[in-house]
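A structural walkthrough
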Amino acid sequence: MRQAEQIRYLLLAAQREGNRRLAAALEPIGLSPAQSEVLRILGDHGDQGELTVSGVGRMLVCDSGTNPSRLIERLVQAGYIERVEAGEDRRRVHLRLTPTGRAKEQETRAIEDAMYAEIDALPGATDLITPLELLVTGAPAGEALRRRIDAPRGA
């Protein structure tokens, strides 16, 4: 197997394994990885009350087949997110976590923090950042991540 092929499959295997572990850890709190990502985006960047469905969608790194509108609608129906009309423009709707949604976001954050501690403990983990950034720069998921990193964070 060529080195590049091995790298490709290691990245794919790591992504699938990470998602499998995250899904298993989130199952007891009733969330999918994609739903938890929406809650985390709103928790990290939604305190200004300025995020719309499309704004959240531009920061989603989860599976590109995921429809942000449907994903958000499920979270609204579950009582985790509320829609707020944006002042005079009634067509523009902002999203914000409800108190129940904030609690779910905090549970998600704790689960992710435990997973990140495991990753941080891996020898050479920080050495992976630059090559991985180079690999995804300009790609849709890479750009979604860049928007998320660059977006102002809430308090």
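Just above, that's the structure.
The structure reproduced in this document is the subject of the present report. The model shown is predicted, which means the values in this text are computed figures rather than measured ones.

A short note on the overall build of the chain
Per the secondary structure count, the chain includes 7 helices and 2 strands. The secondary structure elements of the chain, listed N-terminal to C-terminal, are α-α-α-α-β-β-α-α-α. Each of the three principal axes of the chain carries a C-alpha extent, and together these read 60 × 35 × 30 Å. Taking the contacts inside the chain whose residues are at least 6 apart along the sequence as the reference set, 59% of them involve residues at least 24 apart. Of the roughly 10100 Å² of accessible surface on the chain, 54% is carried by carbon and sulfur atoms.

Points about the layout of surface pockets
If you add up the space inside the second largest pocket, you get close to 200 Å³. Glu50, Leu51, Gly55, Met59 and Ala151 are the residues nearest the centre of the second largest pocket, which is lined by 12 residues in total. When residues of the lining of the second largest pocket are assigned to their parent elements, the largest contribution, 3 residues, is made by helix α3 (residues 53-59).

A short note on the packing of helix α1 (residues 3-26) against helix α5 (residues 99-120)
Where α1 meets α5, the closest approach of the two axes is 10 Å, and the angle between their N-to-C directions is 145°. For α1 against α5, the interelement crossing comes out right-handed. Contact residues: α1 offers Gly18, Arg21, Leu22, Ala25 and Leu26, while α5 offers Thr108, Ile111, Glu112, Met115 and Glu118. Looking at side-chain class alone, the contact of α1 with α5 contains 5 nonpolar, 2 polar and 3 charged residues.

Description of the pattern of salt bridges
Taken as a whole and judged by the stated rule, the model has 14 salt bridges. Residue Arg21 is joined to Glu17 by a salt bridge in which the shortest nitrogen-to-oxygen separation is 3.0 Å. Taken together, the residues span about one helical turn, with Arg21 and Glu17 both in helix α1 at a distance of 4 residues. Taking relative accessible area as the criterion, Arg21 reaches 46% and is therefore assigned partly exposed. For the salt bridge of Arg109 with Glu105, the shortest nitrogen-to-oxygen distance reads 2.5 Å. With a gap of 4 residues between them, Arg109 and Glu105 both fall in helix α5, about one helical turn apart. Taking the relative accessible area as the measure of exposure, Glu105 reaches 0% and is therefore buried. Connected through salt bridges with shared partners, the residues Arg40, Asp44, Glu105, Arg109 and Glu112 form a single ionic network.

Things to note about the side chain of Gln35
By the secondary structure assignment, Gln35 is in helix α2 (residues 33-45). Given the relative accessible area of 13%, Gln35 is considered buried. Of note is the side chain of Gln35, whose polar atom sits 2.9 Å from the backbone nitrogen of Ser32. Ignoring sequence-local partners within four residues, the contact set of Gln35 consists of Gly30, Leu71, Arg74 and Leu75.

Analysis parameters
- Residues numbered from 1 in each chain as written.
- Predicted model: local features only at pLDDT ≥ 70, side-chain atom pairs only at ≥ 80, totals over all residues.
- Heavy atoms only, no water.
- Helix = DSSP H or I, 4+ residues; strand = E, 2+ residues; numbered from the N terminus.
- Contact = heavy atoms within 4.5 Å.
- Areas by Shrake-Rupley, 256 points an atom, 1.4 Å probe, with all protein chains shown as cover.
- 1 Å grid on protein atoms, 1.4 Å probe; cavity = no way out; pocket = protein on both sides within 12 Å on 5 of 7 lines; lining within 4 Å.
- Points joined across faces, edges and corners; volume = space filled by probe spheres on them.
- Axes fitted to C-alpha atoms, helices over the stretch in contact; angles between N-to-C directions.
- Left-handed = near helix turned anticlockwise from the far one by under 90°.
- Nonpolar A, V, L, I, M, F, W, Y, C, P; charged D, E, K, R; others polar.
- Salt bridge = Lys/Arg side-chain N within 4 Å of Asp/Glu carboxyl O.
- Buried < 20%, exposed > 50% of the residue type's maximum accessible area, 1.4 Å probe, protein only.
- Polar contact = N/O pair within 3.5 Å; in protein donor to acceptor, adjacent residues only side chain to side chain.

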